[in-house]
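Secondary and tertiary structure notes
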Amino acid sequence: MSLTDRDKATVRSFWAKVAGNTEAVGTNALSRMLTVYPQTKTYFAHWKDLGPKSVNVRKHGKTVVDGIGEAVMKIDDLQKGLLTLSELHAFKLRVDPTNFKILNHCILVVLAITFPAEFTPEAHVAVDKFLAALALALSDKYR
Amino acid sequence: MVEWTDFERQTIADIFGKIDYETVGAAALSRCLIVYPWTQRYFGNFGNLYNASAIKINPMIAKHGTTIVHGLDRAWKNLDNIKDAYTELSILHSETIHVDPDNFRLFSDCLTITLAAQMGAEFNADVQAVVQKFLTVVVNALGKQYH
């Protein structure tokens, strides 16, 4: 399900709204994921506090959403653009790729809450396709 | 049997007590048909589904969305026996309508996002967890009679 030019334009313009808000969106999505899908906590056993006010959650939420912003800029070649991040996830972090889908879903929920009018079904499908392509690129080096 | 805490029972009752079935149903189903266009395969007789704009104003889709969300009534009204409550609907979806059960999950995700947009900040992580659990149980029950 490859990204059309229209998808890319939709993603770029929608993500511009997220740009100023990356810590809030990231913290919300990450802490939500840890609550709704408790199996994801297994990757964060080294953090004492996994609540939405946790310094670790806020910092990491921002890191992840900033990373997505970078991917938006490399939307024309995600595999090449995310090579280093893919190697990180494949060889060091070894996050099971199923979790990318889980976090993606939580991100979509946060976007719906934060931008109820702008997150139309048309924006939703473009962003969903993009996040799926991003997950694929991120798992590229896994095997 | 699924165990439900008081918080979960209350949250579910609150949500279904206050949503507008027509608005939520229409929004969730049209979103599903737009975001996952292959789901349109089950709606061949539903008129114009040519593009997102057509889907969003299609009255047959809106009506059917309402029907689907009302289909959840037998779950929240029978939390302690959802499996049996859905036997009839499961057989219907399997043997009459021939719906791939993965579609139940796709619709659930769209319904979750629709509820999130409606409820805003009130749709916090704990509420989302309850909705996720509830819809997962229903989806499971709907798939039980497939063989």
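The following paragraphs examine the structure supplied in this document. (Residues numbered from 1 in each chain as written. Chains lettered and ligands numbered in written order. Predicted model: local features only at pLDDT ≥ 70, side-chain atom pairs only at ≥ 80, totals over all residues. Heavy atoms only, no water.)

1. Examining the overall build of chain A
Quick note on the threshold: Only DSSP runs of H or I covering at least 4 residues are called helices, and only runs of E covering at least 2 are called strands; the numbering of each starts at the N terminus. Put simply, the radius of gyration uses C-alpha atoms, and a globule should come to 2.2 Å times the residue count raised to 0.38. Burial here depends on accessible area, computed with a 1.4 Å probe over protein chains only, as a share of the maximum for the residue type. Under 20% is buried, over 50% is exposed, and the range in between is partly exposed. Two residues qualify as a contact provided that any one of their heavy atoms is within 4.5 Å of a heavy atom in the partner residue. A 1.4 Å probe and the Shrake-Rupley method give the accessible areas. Residues count as covered only by the protein chains that appear here. Under the counting rule used here, the positive set is Lys and Arg, the negative set is Asp and Glu, and His together with the chain ends is not counted. Where a charge lies is defined by one atom per residue type, namely NZ (Lys), CZ (Arg), CG (Asp) and CD (Glu).
Scanning chain A from terminus to terminus reveals 7 helices and 0 strands. Listed by position from the N terminus, the elements making up chain A come as α-α-α-α-α-α-α. Radius of gyration (C-alpha) of chain A: 15 Å, near the 15 Å computed for a compact globule of 143 residues. Once the C-alpha set of chain A is aligned to its principal axes, its extents read approximately 45 × 40 × 20 Å. Within chain A, the fraction of its 143 residues that count as buried is 47%. For chain A, the proportion of contacts with a sequence separation of at least 24, taken over those separated by at least 6, is 78%. In the form shown here, chain A has an accessible surface area of approximately 7,600 Å², with 56% of it arising from carbon and sulfur atoms. The positive charge centre, built from 19 side chains, and the negative charge centre, built from 14, are 6 Å apart in chain A.

2. A look at a nonpolar patch on the surface
Let me state the cut-off plainly: Patch membership requires more than 30% relative accessible area and the absence of a salt bridge. Residues of like charge join within 9 Å; the nonpolar side chains Val, Leu, Ile, Met, Phe, Trp and Tyr join within 5 Å. For this document, the term salt bridge refers to a Lys or Arg side-chain nitrogen within 4 Å of an Asp or Glu carboxyl oxygen.
Side chains of L85, L88 and L93 of chain A sit close together on the surface and give an oily, nonpolar patch of about 220 Å² of accessible area. We classify L88 of chain A as partly exposed; its relative accessible area is 33%.

3. Digging into the state of the cysteines
Counted only if it meets this: Only a pair of cysteine sulfur atoms within 2.5 Å qualifies as a disulfide here.
Counted under the stated rule, the structure contains 0 disulfides over all chains. C106 of chain A takes part in no disulfide bond, and the closest cysteine sulfur to it belongs to C110 of chain B, at a distance of 15 Å. For the unlinked cysteine C110 of chain B, the closest cysteine sulfur is that of C32 of chain B, found at 4.5 Å. By relative accessible area, which is 0% here, C110 of chain B ends up buried.

4. Comments concerning the packing of aromatic side chains
Residue and element names in this part refer to chain B. Heads up, the condition is: Geometry of aromatic contacts follows a simple scheme: Phe, Tyr and Trp rings, the Trp one being its six-membered ring, pair when their centres are within 6.5 Å, and the pair is stacked under 30 degrees between planes, edge-to-face over 60, tilted otherwise. We call a charge positioned over a ring when the NZ of a Lys or the CZ of an Arg lies within 6 Å of the ring centre and within 35 degrees of the ring normal.
All told, the structure shown has 11 aromatic pairs over all chains when counted by the stated rule. Members of the aromatic cluster, each reached through a chain of ring pairs, are W4, F16, Y21, W76 and F134. K133 extends its terminal NZ or CZ atom over the ring of W4, reaching a point 4.7 Å from the ring centre.

5. Concerning the pattern of salt bridges
All names here are of chain A. Here the structure, examined in full by the defined rule, presents 13 salt bridges over all chains. A salt bridge links E70 to K74; the nearest nitrogen and oxygen atoms lie 3.8 Å apart. In this structure E70 comes out as partly exposed when scored by relative accessible area, which is 41%. Within this structure, K8, R12 and D76 form a network of salt bridges that share partners.

6. Quick look at the interface of chain A and chain B
The test is simple: Here's the idea: put two parts together, see how much 1.4 Å probe accessible area each one loses, and the total over both is what we call buried area. The nonpolar class holds Ala, Val, Leu, Ile, Met, Phe, Trp, Tyr, Cys and Pro. Asp, Glu, Lys and Arg form the charged class, and all remaining residues, Gly among them, are polar.
Opposite the 19 residues of chain A that make contact, chain B presents 21 residues. For the pair chain A and chain B, the summed buried area comes to about 1,700 Å², and 65% of that belongs to carbon and sulfur atoms. Of all residues in chain A, H105, P121 and H124 of chain A bury the most surface against chain B, accounting for 28% of the area lost on that side. Connecting chain A to chain B are 1 salt bridge. Elements with a minimum of two residues in the side of chain A that touches chain B: helix 2 (22–36), helix 6 (98–114) and helix 7 (121–138) of chain A. Classifying every residue of the side of chain A that touches chain B by side-chain character gives 12 nonpolar, 4 polar and 3 charged.

7. Quick look at unusual backbone geometry
Its identity as a non-glycine residue notwithstanding, R94 of chain A has a phi of 50°, on the positive side. Since its relative accessible area comes to 59%, R94 of chain A is described here as exposed. The residue H98 of chain B is not glycine, and still its phi comes out positive at about 55°. By the secondary structure assignment, H98 of chain B is in the loop between helix 7 (87–96) and helix 8 (102–119). Given the relative accessible area of 53%, H98 of chain B is considered exposed.

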